[in-house]
Amino acid sequence: MKITDLEVIVLRYEYPPGGGFWFAGGYCNARLSCLVMVHTDEGISGMGSVYSHPDLTRTIVEGHLRDLLLGEDPCEVERLQDLTYRATRWYGRKGVAVTALGGLDTALWDIRGKVAGKPIYRLLGGTCNSVPAYASALLWQQDPADLSREAARHVANGFRAMKMRLGRSFEYDCAALRGVREAVGRDVHLMVDGNARYSLEQAVRMAPVLKDNDAYWFEEPFPPESPESFRALRPFLNIPLAAGENEFGLQGFRELIDNSIVDIVQPDCARCGGLTEAVRIVRYARHKGLRLATHTWNDAVALVSNMHLMAGLSSESYIEIDQTGSPLISDLLAEPLRVVAGRAVLPDQPGLGIQLNEEFIECHRVPANVPIPASNYSDMVFGREHWSSAPSYDLDPQAILT
């Protein structure tokens, strides 16, 4: 079997007016992601997901790595991962280059599983086809009571864990956290994302409130460029610290792990370098005695990749499922994913085990020669008119929502 082509599919969905959401980076009015397709001479194709700048992803995959990989055996996954890493090292040991070659790597794993006739999680040694899942939503609202009602809906939809976003002001954070905890009871795991919005002093002030409300973890209270703040917070915090969505490759995650920055490591196959690199990260974290929970925010292919990772290596670790109403999660696959009794169920077909909804692809695909439209895509912003950020923590919490 030989590789005959590499293809990048850019997908964009724009929310209807008023259908987006407010968060620390302004108003998200659209969503964006990339799929990487690897085609072979035997008619077997694989897919992977990339959560990074689409134009740069296309340049790296189609403009640079395609020529390097044509004619190669796609089942030699680790060798090709090493080859593509060395080919991109001079312009990207982190960031978009690692993320782009990770999309390729996951697509090769998809092919490997199809050739072997096994789902990826079984190739990794897993036996259980489901993993614990948490609902990822509960974004900033004018009235914290709206968060309580939303949290109750997630429980009604089968989730036994969920994540909320704080970092707006001390008063808002306390009211929102207490209201959600009261709405869902003490049996539901409640994760807290700090949106990298806190100073050390503000995080220390928040620590007893998190403990009193049984927060399951405190995620990214500080920017990833401030490891010293993570370490300084730990003596004051009686719940686990989590981070990893903004890190790349085993090298970057070793910095988190070896320097005692986090208790829970959050790799993402669509960000950290693909399944091969994510496997190395998970095994290293487990060797060091740390817990794991994958990050996912862009699309259902990334979500399924992370499900296989956890089901294969750490089957009782949480995976994140975006519940903000993104069709890139709910409508991208021909068969939607299921959450049963708080666990996401993996398909048992070979490889990733999924097929794309071709009608959705056709409707939301951005042609190669079309610039990415200006929008706030949550983590990526195109167009100065969409670039904004919340007021400093503890200032007027309503200002960002007007």
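Right above here is the structure, for reference.
The rules behind each value
Residues numbered from 1 in each chain as written. Predicted model: local features only at pLDDT ≥ 70, side-chain atom pairs only at ≥ 80, totals over all residues. Heavy atoms only, no water. Pairing = 2+ DSSP bridges. Helix = DSSP H or I, 4+ residues; strand = E, 2+ residues; numbered from the N terminus. Contact = heavy atoms within 4.5 Å. Axes fitted to C-alpha atoms, helices over the stretch in contact; angles between N-to-C directions. Buried < 20%, exposed > 50% of the residue type's maximum accessible area, 1.4 Å probe, protein only. Right-handed = clockwise from strand over helix to strand, strands pointing away. Polar contact = N/O pair within 3.5 Å; in protein donor to acceptor, adjacent residues only side chain to side chain.

**Student:** Is there a simple way to explain the sheet that holds strand S1 (residues 3–14) in this structure?
**Tutor:** Strand pairing within a sheet occurs via backbone hydrogen bonds; the two strands may be parallel or antiparallel. Strand order across the open sheet formed by 4 strands is S5-S4-S1-S16, with antiparallel pairing between neighbours. Strands with a single pairing partner mark the edges of an open sheet, and in this sheet they are strand S5 (45–50) and strand S16 (365–366). In the sheet, S1 pairs with strand S4 (residues 30–40) via 11 bridges, with the strands oriented antiparallel. Among the inter-strand pairings, Leu6 is bridged to a residue of S4, identified as Val38. Sheet strands touched by helix H1 (residues 54–69): S1, S4, S5 and S16. Its angle to S1, the strand with the most contacts, is close to 170°.

**Student:** Can you walk me through the pairing of strand S8 (residues 189–193) in this structure?
**Tutor:** When a strand is regular, its side chains alternate between the sheet's two faces. In terms of residue burial, S8 counts as a mostly covered element, since 4 of its 5 residues are buried. Since strand S7 (residues 161–165) and S8 lie parallel, the crossover through helix H6 (residues 170–184) that links them has a hand, and here it is right-handed. Looking at chain direction, S8 and strand S9 (residues 215–219) are connected through 3 bridges and run parallel. From the neighbouring strand, Leu190 faces S9, where its bridge partner is Ala215. For the crossover from S8 across helix H7 (residues 200–212) to S9, the handedness is right-handed.

**Student:** Which parts of the structure should I look at to understand the side chain of Glu219?
**Tutor:** In this fold, Glu219 is placed in strand S9. Residue Glu219 is classed as buried on the basis of its relative accessible area, which comes to 0%. There is a polar contact of 3.2 Å between the side chain of Glu219 and the side chain of Trp217. In this view, Glu219 contacts Tyr134, Lys163, Val192, Asp193, Gly194, Asn195, Ala242, Glu245 and Gln266; residues no more than four positions away in its chain are not counted.

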